[in-house]
Amino acid sequence: MTGQRRKRTMAELKRMSPQDFTAANKLPFGLILDDIRSANNVGSLFRTADGFALGHVYLCGITATPPHRDILKTALGATATVSWSYHEDCVDLVTELLGGGAQVQCLEQTHGSTPLQDFRLADPLPLYLVVGNEVNGVRQEVIDAASGTIEIQQFGTKHSLNVAVSAGMAVWEISRQARK
């Protein structure tokens, strides 16, 4: 029984080298981080983007950028493998991406949002998922500019999750659909 649940070694996991990962095809799916206060959350989101081979991470507003030490601490090298760029204004970025034929969904609780479990990936791709400030969420102007909103339903007394946790949940589901 021990062999069945033995942790796999790095060799057994068959992970790509950073050089091979950088050159590999990525999903036509990315993240937009708008006004994220915590550089630790930014680093965690870079790790998520690396773990699911996302195409790009856009950093907007007050979001810290690499090589901030707290980003590097939690990213564990993902800032070197994930394509990223900084854009001051998120609304301008969303408008530009939509004009290029992309879909932009915000991860936020809104009237008319689609529950994550009901969201179905459809053309057009690429798809970009906006996550917002840890306290205030995604700004209304960004929601108004985007294609739609996705919501993670919750059943306890709290009405929000950590931004890196919620983004990880949504990235897992959307990338699962994209890889089918």
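Here, every reference points to the structure presented above.
All figures in this text were calculated on a predicted structure; none of them were measured in a lab. (Residues numbered from 1 in each chain as written. Predicted model: local features only at pLDDT ≥ 70, side-chain atom pairs only at ≥ 80, totals over all residues. Heavy atoms only, no water.)

A.B. asks: Go over the overall build of the chain with me, naming the residues and quoting the values.
C.D. replies: Within the chain, the secondary structure is distributed over seven helices and seven strands. What you see for the chain is a C-alpha radius of gyration of 17 Å, in line with the 16 Å of a compact globule of 180 residues. Each principal axis of the C-alpha distribution contributes one length, and for the chain these read about 50 × 35 × 35 Å. Taken across its 180 residues, the chain has 43% of its residues classed as buried. The contacts in the chain between residues at least 6 apart in sequence include a share of 81% that link residues at least 24 apart. As displayed, the chain has an accessible area near 10100 Å², and 52% of this comes from carbon and sulfur atoms. Computed over 17 positive and 18 negative side-chain charges, the separation of the two mean positions in the chain equals 16 Å. (Helix = DSSP H or I, 4+ residues; strand = E, 2+ residues; numbered from the N terminus. Rg over C-alpha atoms; globule rule 2.2 N^0.38 Å. Buried < 20%, exposed > 50% of the residue type's maximum accessible area, 1.4 Å probe, protein only. Contact = heavy atoms within 4.5 Å. Areas by Shrake-Rupley, 256 points an atom, 1.4 Å probe, with all protein chains shown as cover. Lys, Arg positive; Asp, Glu negative; His and termini not counted. Charge placed at Lys NZ, Arg CZ, Asp CG, Glu CD.)

A.B. asks: Outline helix H5 (residues 90–99), supporting the account with residue identities and numerical values.
C.D. replies: Think of an α-helix as 3.6 residues a turn; residues three or four steps apart then line up on the same face. Three or more residues of H5 are buried, namely Cys90, Leu93, Val94 and Leu97. Projected onto a plane normal to the axis of H5, the buried residues spread over an arc of 100° and lie on a single side. Away from the buried face of H5 by more than 90 degrees, exposed residues Asp92, Glu96 and Gly99 are located. Taken together, the buried residues of H5 touch strand E1 (27–34), strand E2 (54–60), strand E3 (84–87), strand E4 (103–107), strand E6 (127–131) and helix H6 (140–145). A distance of 3.0 Å separates the backbone nitrogen of valine 91 from a side-chain oxygen at the start of H5, and that oxygen is part of aspartate 89. Once H5 ends, the next one or two residues include glycine 101, with phi positive near 95°. (Arc of directions from axis to C-beta. Polar contact = N/O pair within 3.5 Å; in protein donor to acceptor, adjacent residues only side chain to side chain.)

A.B. asks: So, a nonpolar patch on the surface: which residues are in play, and what are the values?
C.D. replies: Residues Leu161, Val165 and Met169 make up a contiguous nonpolar surface patch of about 230 Å² in total accessible area. Tracing the chain through its elements places valine 165 in helix H7 (residues 163–178). What makes valine 165 partly exposed here is its relative accessible area of 44%. (Patch = residues over 30% accessible without salt bridge, like charges linked within 9 Å, V, L, I, M, F, W, Y side chains within 5 Å. Salt bridge = Lys/Arg side-chain N within 4 Å of Asp/Glu carboxyl O.)

A.B. asks: Outline the side chain of histidine 56, supporting the account with residue identities and numerical values.
C.D. replies: Inspection of the secondary structure assignment puts histidine 56 in strand E2. At a separation of 2.6 Å, a polar atom in the side chain of histidine 56 contacts the side chain of serine 83. Apart from residues lying up to four places away in sequence, histidine 56 is in contact with Phe29, Gly30, Leu31, Ser83, Trp84 and Ser85.

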